[in-house]
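Observations on chain architecture
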Amino acid sequence: MAKKNELPALMASLLITFGLLGGGAWWLKNNLFENTGSSGNNTEQSGGNSSGNSINLGGADGSAGRSVLSDKPVSEAKQNGLDALANGDYSTAEAEFTAALAAQKNDPESLIYLNNAKIGDARAYTLAVIVPAGSSESAAEELMRGAAQAQTDINDSGGIAGRDLKLLLINDDDDKDTAANIAADLVDNSDVLGVVGHYSSGTTLAAAPVYEEGGLPMISPTSTAVDIANAGDFIFRTVPSDRLAAATLSRYTLNELNKTKAAVFFTSDSAYSKSVKSEFTTELLSNGGEVIADFDVQASGFDPDDALREAEAQGADILMLALNTATIEIANDVIQANAQTLPMLGGDSLYNPIILQESQGDALGLTVAVPWHILSHEQTPFVQASRQLWGGDVNWRTATAYDAVRTLAAGLEEKQNREGLAEALADGINIEGATDSIRFLPTGDRNQPSQLVEIVPGNRSGSGYDYVPVR
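What comes next is a walk through the structure. Since the structure is predicted, the reported quantities are computational estimates derived from the model, not experimental observations. (Residues numbered from 1 in each chain as written. Predicted model: local features only at pLDDT ≥ 70, side-chain atom pairs only at ≥ 80, totals over all residues. Heavy atoms only, no water.)

1. Section: the pattern of salt bridges
Following the criterion strictly, the structure yields 15 salt bridges and no others. Residues Asp294 and Lys277 are paired through a salt bridge, measuring 3.8 Å at the closest nitrogen-oxygen approach. Here Asp294 is found in strand E7 (residues 290-296), whereas its partner Lys277 is found in helix H9 (residues 271-286), with 17 residues between them in sequence. For Asp393, the salt bridge identified is with Arg387, shortest N-O distance 2.6 Å. (Salt bridge = Lys/Arg side-chain N within 4 Å of Asp/Glu carboxyl O. Helix = DSSP H or I, 4+ residues; strand = E, 2+ residues; numbered from the N terminus.)

The structure is reproduced here in structure tokens:
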């Protein structure tokens, strides 16, 4: 122990040491690590990061000066609009985005940034929209169309409690680590009152605990895994769970197709795929059928032809493709190898133009459970407005994204804070969505059945084949 008369000198020495260490840390932070990213809200959004670093969200309203679809070329007018938005020149941004939309009316990103430019620096309520731009450009655009149409409808109708709605567009690349990092930054950004996302069940399950702990309401328009129902009080979705889809598919298998022995193709890398497989297996068994074989398509040595021969040898009379977007090419391989030998079923990820384009006639009769189909709702105001706005048909992802934004906006009409918004959603908010009422179960799931569609010859998609409702 130091003697009493030595303490002043010792304290002085310690203070000098701490000062040097603090100065050194400051220098390292500002010189060695200045480009590694931070959790601040005033820097540009990185557009995707799976390394575990924090995701920067500044500029997610379009003011970063670049498209969220960073790998896709943009028109001169759209880039001029992005540059103007980055410089705070809102009138020029409005003019340029208007010109961009006149040339390409089905670009939802330009419409969202046009709406944001109209708001400018005025006070607004802010929601974040998370899309898988790096991994699935088509899905990202489908989701943004729903969000953009909802934002336009809301702002054109007077906004939310007298304020317009601003949307932040953020790409998570459908990556779990990136999704969790984005969620952390959104929780820290007090301007963001709610989140629309994420895309796949895996990314939603990765981000949900962060939103739940941080008290930030999230509505997924596309994640269907049953486990999401247990994610917490701040987690909702405008898409039915896999349990409802599986029940619809199993009834169709047994009652309409008179088939009882299914072979299931799935991927163990996907929470969605495993959820569809599990729920379909349970539903089929509960109603008198059985799954007699299952095949992990990403297992070492998987071969579609060998798997199909094994399935037939075991007596399979129907195939269930419980595959996700990441394995869509493998789904095509199975479809083409089957060549209509056995009837086929699929989860909502099999509602994909790539199936129509690549499998063509081999995919005829493939029956898929989806939340919504446009041909069942052609006379509704949403469908008529969407066709006029985008110059063509939209799919179920656009409809459920529209519903997610409209639902959050309806909640904000009641309470303009995160906790109040979550309470409004949980207390049974009941509004008309794209075509049906939006009602949440106590689990946060949407109370709505799935719809069956099948692939038939047709001209709507441009591939020679279309998805149409099962009659």
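2. What to know about the layout of surface pockets
The space that makes up the largest pocket amounts to roughly 620 Å³. Forming the boundary of the largest pocket are 24 residues, of which Glu142, Pro353, Asp393, Val394 and Asn395 lie nearest the centre. Contributing elements (two or more residues each) for the lining of the largest pocket: helix H5 (137-156), helix H12 (353-359), helix H14 (396-414) and strand E14 (465-469). The greatest single-element share of the lining of the largest pocket, amounting to four residues, is contributed by H5. Of the residues contributing to the lining of the largest pocket, the split by class is seven nonpolar, ten polar and seven charged. (1 Å grid on protein atoms, 1.4 Å probe; cavity = no way out; pocket = protein on both sides within 12 Å on 5 of 7 lines; lining within 4 Å. Points joined across faces, edges and corners; volume = space filled by probe spheres on them. Nonpolar A, V, L, I, M, F, W, Y, C, P; charged D, E, K, R; others polar.)

3. Regarding the sheet that holds E14
Across the sheet, seven strands lie side by side as E7-E6-E8-E9-E10-E13-E14; this open sheet has mixed pairing. The open sheet is flanked by E7 and E14, the only strands paired with a single partner. Pairs of neighbouring strands in the sheet enclose a mean axial angle of 25°, with direction left out of account. With four bridges joining them, strand E10 (residues 367-370) and strand E13 (residues 451-457) adopt antiparallel strand pairing. For Ala369, the partnering residue across the bridge sits in E13 and is Leu452. Relative to the sheet, helix H10 (residues 304-313) contacts strand E6 (261-266), E7 and strand E8 (318-322), its axis offset from that of E7 by approximately 165°. Here helix H11 (residues 328-338) sits on the sheet and contacts E6, E8 and strand E9 (344-346); the angle it forms with E8, its principal contact strand, is near 170°. (Pairing = 2+ DSSP bridges. Axes fitted to C-alpha atoms, helices over the stretch in contact; angles between N-to-C directions. Contact = heavy atoms within 4.5 Å.)

4. With respect to the packing of aromatic side chains
Applying the stated criterion across every chain yields a total of seven aromatic pairs. Geometrically, the ring pair formed by Phe382 and Tyr402 is tilted, given 4.8 Å between the ring centres and 55° between the ring planes. Here Phe382, found in helix H13 (residues 381-390), pairs with Tyr402, found in helix H14; they are 20 residues apart in sequence, far enough to count as distant. Take Phe382: its relative accessible area is 5%, and that puts it in the buried class. Counting every residue linked through ring pairs, the aromatic cluster contains Phe265, Phe295 and Phe302. Here the guanidinium or amino end of Lys277 rests over the ring plane of Phe266, the centre of that ring lying 5.0 Å away. (Phe/Tyr/Trp six-rings, centres within 6.5 Å; stacked < 30°, edge-to-face > 60°. Buried < 20%, exposed > 50% of the residue type's maximum accessible area, 1.4 Å probe, protein only. Lys NZ or Arg CZ within 6 Å of the ring centre and 35° of its normal.)

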